[in-house]
Amino acid sequence: MASSASLTLSVQTSIQPSSSSSNHVFQSLPPTSTLHFPSSCNNNLNNKRSLSVTTTTFSEQKWRTRVSFFPSFMKSGKDSKTIKEELLEAIAPLDRGAEATPEDQERIDKIARELEKVNSVKEPLKSDLLNGKWELIYTTSASILQTQRPKLLRSRANFQAINADILRAQNMESWPFFNQVTADLTPLNSRKVAVQFDQFKILGLIPVKAPGRARGELEITYLDEELRVSRGDKGNLFILRMIDPSYRVPV
């Protein structure tokens, strides 16, 4: 939007230099120089020449004004690839978010919001790009990161699988506990679902029915073939990387 405003101002300045906004712009330009001719010249001719020079100089100023506004017009925003590279670089040393300071979290959130603005998949629940197994590479959720535990007892990796066609999801931990939980999804709109967990698996083997209060909401705010950004109903940010698009959640 900033680039469009600059372009409009440039056009108005060029066409309507007498308007108040244009006068304000031209006040910052260097004063016009007028050539003086010998007194022997006809006064009318002298005036015409003076006017001609002044007009030419004014046109040159208008040209310079247009040029000065073109850089802001020509500068385009960062594309998704550039923003993703910046995001991945920022989260790489943070141990999925466990080592993130409040300043780190603020920076990651800011970059994630830049990425969300260039999201081209407007209805992710209708996209095949959503289906498969994703690895969690960053989150602000302390419960998932298990920061209250000693580092040796925290899961080494976390995964989430989604199959939008059957409205099922699955969260999985790696070593040392391999806990899992599956859930039913209920679409709230084209990018947001209500999540109702139905069964836990302790150590990946022992089934335990999930209580009715085990539920939440998840909004998918960015999606492409390799990266997904989601936000939970408790304000947590989740950034995931696709690792297996063919994976199917158990029914």
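Residues numbered from 1 in each chain as written. Predicted model: local features only at pLDDT ≥ 70, side-chain atom pairs only at ≥ 80, totals over all residues. Heavy atoms only, no water.

K.L.:
Break down unusual backbone geometry for me, citing the residues and quoting the values.
P.N.:
Cis rather than trans, the peptide bond between Trp175 and Pro176 has omega equal to 15°. Here Pro176 lies in the loop between strand S3 (168-173) and strand S4 (180-187). Unusually for a residue other than glycine, Arg96 sits at a positive phi of about 60°. With respect to the element layout, Arg96 can be found in the loop between helix H4 (80-91) and helix H5 (102-117). One non-glycine residue with positive phi stands out, namely Gln146, at about 60°. Topologically, Gln146 is positioned in the loop between helix H6 (142-145) and strand S2 (158-163). (Helix = DSSP H or I, 4+ residues; strand = E, 2+ residues; numbered from the N terminus.)

K.L.:
Describe the packing of aromatic side chains, naming the residues involved and giving the relevant values.
P.N.:
The full count for this structure, using the stated rule, is zero aromatic pairs. One Lys or Arg, Lys133, reaches over the ring of Phe159 and ends 4.8 Å from the middle of that ring. Residue placement shows Lys133 over the ring face of Tyr247; its charged tip is 5.4 Å from the ring centre. (Phe/Tyr/Trp six-rings, centres within 6.5 Å; stacked < 30°, edge-to-face > 60°. Lys NZ or Arg CZ within 6 Å of the ring centre and 35° of its normal.)

K.L.:
Which residues make up the nonpolar core, and what values do they have?
P.N.:
Within the largest apolar cluster, 18 residues are counted, with the highest numbers of intra-cluster contacts made by Leu130, Leu185, Val193, Val195 and Leu223. Of all the elements in the fold, those that place two or more residues in this core are strand S1 (132-139), S4, strand S5 (192-202), strand S7 (215-223) and strand S9 (237-244). Apart from residues no more than four positions distant in its own chain, Leu223 is found in contact with Asn119, Val121, Pro124, Ser127, Leu129, Leu130, Trp134 and Arg228. Ranked by size, the runner-up nonpolar core spans 17 residues in total, among them Ala90, Ala100, Ile108 and Ile239. (Core = buried A, V, L, I, M, F, W, Y, C linked by side-chain atoms within 4.5 Å. Buried < 20%, exposed > 50% of the residue type's maximum accessible area, 1.4 Å probe, protein only. Contact = heavy atoms within 4.5 Å.)

K.L.:
Could you give an account of the side chain of Thr221, naming the residues involved and the relevant values?
P.N.:
When you line up the elements, Thr221 lands in strand S7. Relative accessible area serves as the criterion here: at 5%, Thr221 is assigned to the buried category. Those residues in contact with Thr221 that lie beyond four places of it in its chain are Glu116, Asn119, Arg191, Val229, Ser230 and Arg231.

K.L.:
I'd like a rundown of the packing of H4 against H5, residues and numbers included.
P.N.:
Viewed as axis vectors pointing N to C, H4 and H5 meet at an angle of 160°, and their least axial separation amounts to 9 Å. Between H4 and H5, the crossing angle belongs to the class labelled roughly antiparallel. Taken as a pair, H4 and H5 cross one another with a handedness that is left-handed. Together, Ser80, Ile83, Lys84, Glu86, Leu87, Ala90 and Ile91 of H4 and Arg107, Ile108, Ile111, Ala112, Glu114 and Leu115 of H5 make up the contact between the two elements. Class assignment for the residues of the contact of H4 with H5 results in eight nonpolar, one polar and four charged. (Axes fitted to C-alpha atoms, helices over the stretch in contact; angles between N-to-C directions. Parallel < 35°, antiparallel > 145°, perpendicular 65-115°, else oblique. Left-handed = near helix turned anticlockwise from the far one by under 90°. Nonpolar A, V, L, I, M, F, W, Y, C, P; charged D, E, K, R; others polar.)

The analysis is restricted to geometry; functional conclusions fall outside its scope.
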